[in-house]
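# Architecture at a glance
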Amino acid sequence: QLGLKTETFGQVIYSFEDVDSTQRVAAKLAHEGAPEGTLVVAEEQKAGRGRLDRKWFSPKGTGIWMSLILRPPIPPQQAPQLTLLAAVAISQAIQEVTGLVPDIKWPNDILLGGKKCVGILTELQADPDRVHSVIIGIGINVNQTSEQFPEDIRAIATSLAIEKGKPIKRARLIQDILFRLERLYRQYLTHGFRPIKLLWEGYAVSIGKPVTARTLGGVMRGIARGITDDGLLILEDEQNTIHYIHSADIQL
Ligand code: BT5
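Per an unreviewed UniProt entry, the protein is named Bifunctional ligase/repressor BirA, and its organism is Geobacillus icigianus. Taken from UniProt, the Sequence similarities (unreviewed entry) comment for the protein reads in full: "Belongs to the biotin--protein ligase family." Per UniProt, the comment on the protein under Catalytic activity (unreviewed entry) is "biotin + L-lysyl-[protein] + ATP = N(6)-biotinyl-L-lysyl-[protein] + AMP + diphosphate + H(+)".

Listed below in C-alpha cells is the structure:
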C-alpha cells in the first residue's frame, strides 16, 4: 500500500498499530536473522526512545515512527556514517515532498526553522571487527499541531505540517525516504562515504560556527570544523586544539 519503488528497503514490512518501540522490535527481528531492508513501522509508540535512554514522543497517527534493518559489511566504527547517510536521504525527501529546506544538526537531528522535526537513532549488533546489523530508527513529526507537543519540548520541536502550513501525506514521504535511502546506501557500499559527506555538508548548519558540545565527559566549546571520514565531529577549542567527538548534543 506504500507503492514502494525500492528493491529491498521496506519490501518486508512489519506494521503495528502500537508498539513500545519499533527499535526494540527491529533489533529482535535482526537478531533472529531478518534480511537487510526489513522495516518496522508503527502508528504509535508507547515507549519511543532517543539516545541515552531519552524519550521520543510518538503520538498516534501524526508521525512516522520506523526502524530499518541494515547489514553493511563495515567495521563498527564506521556505523556513525549511516546516521549521516540517513539524515541526507530524509532531508532530500522532505525537500522533495514539502518544498521546505531542512538543516542537519550533527549527528542526528533534522531541523526546520531551527526546531527539531526529525530524530535518528542508530543502534548496532556487532563484534569488535564486524557489524551484524545496524538498526536505523527514524522519528519524523509530520502532522502534529504545536499544541500536540508536550510542554517541555514545545519550544524546541516542530512538525512538517506546522512549517508547511498544511498536512503532509505520510505514505508519500515514507516511499520517497526509502527510495533515497536505498540509492544512497548502494552508492555508499560501492563508492564509500566521501560522496555522502559532500551531500551532508550541503545541509549542515553547525559547520564553521561556534558550538557547545555536551558529551558524557563534559561540556566543550569551540568551532565546528567539519566531520571526519568516519562521521565524527571535528571541534577546535579556544586553544586551537582539535577534538574528535563521537557523540554529543550540540547547541548552536
Ligand atoms: C533522537 O534522540 O533524536 C532519536 C529519536 C529516534 C526516534 C525513532 S522513532 C522510531 C524508532 N523507535 C524508537 O524507539 N526510536 C526511533 P536524541 O537526540 O537523544 O533526542 C531526544 C530528545 O528529543 C528528547 O530528550 C526530547 O528533548 C526531544 N524530543 C522527544 N520527542 C520529540 C519529538 N517528537 N520531536 C522533537 N523532539 C523530541
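The rest of the description comes next.
We now examine the overall build of the protein. A count of helical and extended segments in the protein gives six helices and twelve strands. Every one of the 252 residues in the protein was classed for burial, and the buried ones make up 42%. In the protein, 63% of the contacts between residues at least 6 apart in sequence involve partners at least 24 apart.

What follows is about the site of the ligand. In the vicinity of the ligand, 27 residues are found, and the nearest of them are Ser21, Gly50, Gly119, Gly137 and Gly139. Of the residues belonging to the shell around the ligand, the class tally is nine nonpolar, 13 polar and five charged.

Let's shift gears to the sheet that holds strand E2 (residues 39-45). Strand order in this open sheet of seven strands is E1-E2-E3-E7-E6-E5-E4, and the pairing throughout is mixed. At either margin of the open sheet sits one strand with a lone partner, and together these are strand E1 (13-19) and strand E4 (103-105). Neighbour-to-neighbour, the strand axes of the sheet open up by a mean angle of 20°, direction not taken into account.

In the numbering used here, UniProt assigns the "binding site: biotin" (unreviewed entry) feature to Gln45, Arg49, Gly50, Arg51 and Lys116. What Gln45 contacts, discounting residues up to four positions off in sequence, is Val19, Asp20, Ser21, Thr22, Ser58 and Trp65. Examined against the element boundaries, Gly50 turns out to sit in the loop between E2 and strand E3 (63-70). When the 16 C-beta atoms within 10 Å are taken as the criterion, Gly50 is described as partly exposed.

Counting 65 residues, the largest nonpolar core has Leu85, Ala86, Ala87, Ile90 and Ile136 as the members making the most contacts within it. Inspection of this core shows a minimum of three residues originating in each of domain 1 (13-203) and domain 2 (210-251). Beyond its immediate stretch of four places on either side in the chain, Ala86 contacts Ile120, Ile136, Ile138 and Leu181.

As a further point, take the domain arrangement of the protein. The domain architecture assigned to the protein consists of domain 1 (13-203) and domain 2 (210-251). Centre-to-centre, using C-alpha coordinates, domain 1 lies 23 Å away from domain 2. Contacts between the two partners involve eleven residues from domain 1 and, on the opposite side, eight residues from domain 2. Of all the elements, helix H2 (residues 80-98) adds the most residues to the side of domain 1 that touches domain 2, at four residues. Counted by class, the side of domain 1 that touches domain 2 contains five nonpolar, four polar and two charged residues.

What counts and what doesn't
- Residues numbered from 1 in each chain as written.
- Predicted model: local features only at pLDDT ≥ 70, side-chain atom pairs only at ≥ 80, totals over all residues.
- UniProt positions renumbered as here; feature names shortened; annotations may be inferred.
- Helix = DSSP H or I, 4+ residues; strand = E, 2+ residues; numbered from the N terminus.
- Buried ≥ 20, exposed ≤ 12 C-beta atoms within 10 Å, placed from the backbone.
- Contact = placed C-beta atoms within 7 Å.
- Near = placed C-beta within 6 Å.
- Nonpolar A, V, L, I, M, F, W, Y, C, P; charged D, E, K, R; others polar.
- Pairing = 2+ DSSP bridges.
- Axes fitted to C-alpha atoms, helices over the stretch in contact; angles between N-to-C directions.
- Core = buried A, V, L, I, M, F, W, Y, C linked by C-beta atoms within 7 Å.
- Domains from an automatic or database assignment.

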